[in-house]
Amino acid sequence: MNLSKIYEKAPAKINLILDVLRKRDDGFHEVEMIMTMVDLADRLEMEELPRDQILLSSQVGFIPLDEKNLAFQAAKLIKERYGVKRGVYIHLDKQIPVAAGLAGGSSDAAATLRGLNRLWNLELSTDELEVLGAELGSDVPFCIRGGTALARGRGEKLQTIPSPPQCWVILAKPPINVSTADVYGKFRVNDVKEHPSIPNMLNALSRQSFPDMCASLGNVLENVTLNRYPEVRQIKDCMIKAGADGVLMSGSGPTVFGLVSKEVKVARVYNGLRGFCKEVYVVRMLT
């Protein structure tokens, strides 16, 4: 079946747990993470071109539309790896904030691989796409799989686990960009006083216990970013004061998320943040 136009959603992800165990010989860090997806998504439209080239466009003017873009890199990788001599035009409708710790770029790359697999009838399995995605970035395999997963290695070894209990997620991104490489560069595993407990979080998810999930949240990169960017600490403090049930920085930051079980609390947290943070989103877990 030859589909001339393909649409893919690229949801944002949050880390319920991000733990770093050690620096590896290959320069990456050995991590243990529990990740899940939320209903804030970029949308990609892919259409075959009559000429053999990759064209990328977007409605936002501040992202690269060439080889610096992960979606472009994904299209190039799958074309070269499978000898595809056809071109593609990709339009990227960007809704996830950039450099926010929400894996927007990784999710775009994952959606590109999924979409081109369909557009070009390559019939690659999810496992094969995940292996391909790992060449582009540590979060890409998870974004291909979706759902909720325990990730090990540098993030590419995945085990699907029960999704979180349904709740509201309030995301707040201060007007700063944080480099993941910088945060990892300043992170020292010996400075970590307490590592988050993967078993506790897995137990909470398996029992669908919202209070225990909130109590088990943890991110060892948080202190690095909070110490460097007071705006991030201010957002976290504000969410806690406004009554969010669980609050954590996602990824390397600067986005902070608050989990809320009762809708009546959502407005209070949202309004508390809007005073000093323009980019605030209220979404649901994708379960």
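Here is what the cut-offs are and how they apply
Residues numbered from 1 in each chain as written. Predicted model: local features only at pLDDT ≥ 70, side-chain atom pairs only at ≥ 80, totals over all residues. Heavy atoms only, no water. Domains from an automatic or database assignment. Contact = heavy atoms within 4.5 Å. Buried area = accessible area lost by both parts, 1.4 Å probe. Helix = DSSP H or I, 4+ residues; strand = E, 2+ residues; numbered from the N terminus. Patch = residues over 30% accessible without salt bridge, like charges linked within 9 Å, V, L, I, M, F, W, Y side chains within 5 Å. Areas by Shrake-Rupley, 256 points an atom, 1.4 Å probe, with all protein chains shown as cover. Salt bridge = Lys/Arg side-chain N within 4 Å of Asp/Glu carboxyl O. Lys, Arg positive; Asp, Glu negative; His and termini not counted. Charge placed at Lys NZ, Arg CZ, Asp CG, Glu CD. Buried < 20%, exposed > 50% of the residue type's maximum accessible area, 1.4 Å probe, protein only. Axes fitted to C-alpha atoms, helices over the stretch in contact; angles between N-to-C directions. Left-handed = near helix turned anticlockwise from the far one by under 90°. Nonpolar A, V, L, I, M, F, W, Y, C, P; charged D, E, K, R; others polar. UniProt positions renumbered as here; feature names shortened; annotations may be inferred. Expected span 1.5 Å × (residues − 1). Core = buried A, V, L, I, M, F, W, Y, C linked by side-chain atoms within 4.5 Å.

1. Notes on the domain arrangement of the protein
Each assigned domain of the protein is listed with its residue range as follows: domain 1 (5–160) and domain 2 (168–284). Each of domain 1 and domain 2 was reduced to a C-alpha centroid, and the two centroids are 23 Å apart. Every contact between the two is made by 27 residues of domain 1 and, on the other side, 33 residues of domain 2. A buried area of about 2,300 Å², summed over both sides, lies between domain 1 and domain 2, and 70% of it is on carbon and sulfur atoms. Summed over the three residues of domain 1 that lose the most area to domain 2, namely Leu16, Ile17 and Leu18, the buried surface amounts to 25% of that side. Where the side of domain 1 that touches domain 2 is concerned, the elements lending two or more residues are β1 (5–23), β2 (29–49) and β5 (148–152). It is β1 that contributes the most residues to the side of domain 1 that touches domain 2, 10 residues altogether.

2. Re a positive patch on the surface
A surface patch of positive charge is lined by Lys23, Lys186, Arg188 and Arg228. Mapping Arg188 onto the fold places it in the loop between α5 (180–186) and α6 (198–206). For Arg188, a relative accessible area of 47% translates into the label partly exposed.

3. A few points about the packing of helix α1 (residues 70–81) against helix α2 (residues 104–119)
Between α1 and α2, the least distance of the axes is 8 Å, while the angle of their chain directions is 35°. For the crossing formed where α1 meets α2, the hand is right-handed. In this structure, α1 uses Leu70, Ala71, Ala74, Ala75 and Ile78 to contact α2, whose residues at the interface are Gly105, Ser106, Asp108, Ala109, Thr112, Leu113, Leu116 and Asn117. Considering only residue class, the contact of α1 with α2 consists of eight nonpolar, four polar and one charged.

4. A short note on the UniProt feature "binding site: ATP" (unreviewed entry) in the protein
As annotated in UniProt, the feature "binding site: ATP" (unreviewed entry) corresponds to Pro97, Val98, Ala99, Ala100, Gly101, Leu102, Ala103, Gly104, Gly105, Ser106 and Ser107 in the numbering used here. Non-local contacts of Ala100, meaning those with residues more than four positions away in its chain, are made with Lys173, Ser250, Gly253, Pro254 and Thr255. Locating Leu102 in the fold gives a position in the loop between β4 (87–93) and α2. According to the relative accessible area criterion, Leu102 is buried, its value standing at 2%. Discounting chain neighbours no more than four positions away, the residues touching Leu102 are Ala12, Lys13, Ile14, Ile96, Pro97, Leu171, Ser250 and Thr255.

5. Thoughts on α2
The end-to-end C-alpha distance of α2 is 22 Å, a good match for the 22 Å that 16 residues give at a rise of 1.5 Å each. Burial runs high along α2: 14 of the 16 residues are buried. Of the residues flanking the end of α2, it is Asn121, one or two places downstream, whose phi is positive at about 50°.

6. Comments concerning the nonpolar core
Formed by 71 residues in total, the largest nonpolar core has its most connected members in Val88, Met239 and Leu273. Each of two domains, domain 1 (5–160) and domain 2 (168–284), supplies a minimum of three residues to this core. Once you skip the residues sitting within four places of it in the chain, Met239 turns out to touch Ile170, Ala172, Ala244, Val247, Val256, Phe257, Gly258, Val269 and Leu273. Grouped together as the second largest cluster of nonpolar side chains are 29 residues, Ile34, Leu102, Ile198 and Leu259 included.

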